[in-house]
Amino acid sequence: DTGVSQDPRHKITKRGQNVTFRCDPISEHNRLYWYRQTLGQGPEFLTYFQNEAQLEKSRLLSDRFSAERPKGSFSTLEIQRTEQGDSAMYLCASSLGGNLYEQYFGPGTRLTVT
Amino acid sequence: QKEVEQNSGPLSVPEGAIASLNCTYSDRVSQSFFWYRQYSGKSPELIMSIYSNGDKEDGRFTAQLNKASQYVSLLIRDSQPSDSATYLCAVIGGSARQLTFGSGTQLTVLP
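For the structure given in this document, a descriptive report is provided here. (Residues numbered from 1 in each chain as written. Chains lettered and ligands numbered in written order. Predicted model: local features only at pLDDT ≥ 70, side-chain atom pairs only at ≥ 80, totals over all residues. Heavy atoms only, no water.)

1. Notes on the pattern of salt bridges
Side chains that carry opposite charge are capable of pairing whenever their charged atoms lie near each other.
Piece 1. Within the structure shown, the criterion is met by six salt bridges over all chains.
Piece 2. Overlapping salt bridges bring together R64, E83 and D86 of chain A as one network. (Salt bridge = Lys/Arg side-chain N within 4 Å of Asp/Glu carboxyl O.)

2. Quick notes on the nonpolar core
Piece 1. Membership of the largest hydrophobic core comes to 23 residues, with the highest contact counts inside it found for F33, W35, V72, L74, I76, Y87 and L107 of chain B.
Piece 2. Elements supplying a minimum of two residues to this core: β3 (19-25), β4 (30-38), β5 (45-50), β7 (61-66), β8 (71-76), β9 (85-93) and β11 (105-110) of chain B.
Piece 3. When residues no more than four places from it in sequence are discounted, the contact partners of L74 of chain B are A19, S20, L21, W35, I47, M48, F61, T62, A63 and Y87 of chain B.
Piece 4. If you look at the next biggest cluster of nonpolar residues, it comprises 19 residues, including V19, L77, C92 and V113 of chain A. (Core = buried A, V, L, I, M, F, W, Y, C linked by side-chain atoms within 4.5 Å. Buried < 20%, exposed > 50% of the residue type's maximum accessible area, 1.4 Å probe, protein only. Helix = DSSP H or I, 4+ residues; strand = E, 2+ residues; numbered from the N terminus. Contact = heavy atoms within 4.5 Å.)

3. Some thoughts on the pairing of strand β6 (residues 54-58) of chain B
Residue and element names in this part refer to chain B.
Piece 1. Pairing between β6 and β7: five bridges, direction antiparallel. Bridge assignment links D58 to a residue of β7, and that residue is F61.
Piece 2. Taking the residues between adjacent antiparallel strands as the criterion, β6 and β7 are bridged by two residues, where G59 takes a positive phi near 65°. (Pairing = 2+ DSSP bridges.)

What follows is the structure, given as structure tokens:
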């Protein structure tokens with residue numbers, strides 16, 4: 001059983017550049033979530049997909065952030081015009097759906113904006 | 001008021017002791033409760049879920065839920081140095097599907 005995978009694991013970029021992260025959920029999971037975590041804090045919700053539909057976005061998610069999940073499989077999270085405050089661990093999680101709410105996290109992508 | 005609150009710690013217990021981690025939440029309609037373990041530099045790992053009032057045991061871990069008091073706890077019996085990590089409490093409330101996390105409690109188990 002393959003877990004959630006994320007790519008890249010680390011990304012260093014200069015302020016103002018665009019970055020894109022990829023998440024591959026557990027194969028039979030139809031729900032996919034993106035979270036962001038900064039040092040000393042718990043993960044904060046960014047957005048959520050059920051199959052290919054983006055059902056919820058956090059108010060924290062500025063218009064520089066966009067996420068997609070084409071065909072309900074992998075997902076991408078893009079950050080445009082990165083700022084130093086975007087430096088964080090970006091976590092992807094997936095869950096089976098229905099009444100099963102357990103979410104399993106991938107290893108995360110650590111973003112550093114210089 | 002934060003939606004999910006945990007004592008940040010650090011909490012230190014000797015090896016073999018019981019570690020007790022506590023969490024309170026503000027949304028009365030919350031239905032699903034989870035404990036995650038996070039080692040430094042790693043992603044959160046699900047260790048327990050609980051949906052009904054009472055206790056749920058899994059190996060050395062016991063989760064306790066009291067919805068009337070809006071309180072959930074995690075007990076770790078026979079604590080081992082490998083249990084040293086940050087423990088995150090997470091809640092799903094109402095019609096939401098996303099997790100709301102506390103800030104975590106850092107646990108150190110001393111050999």
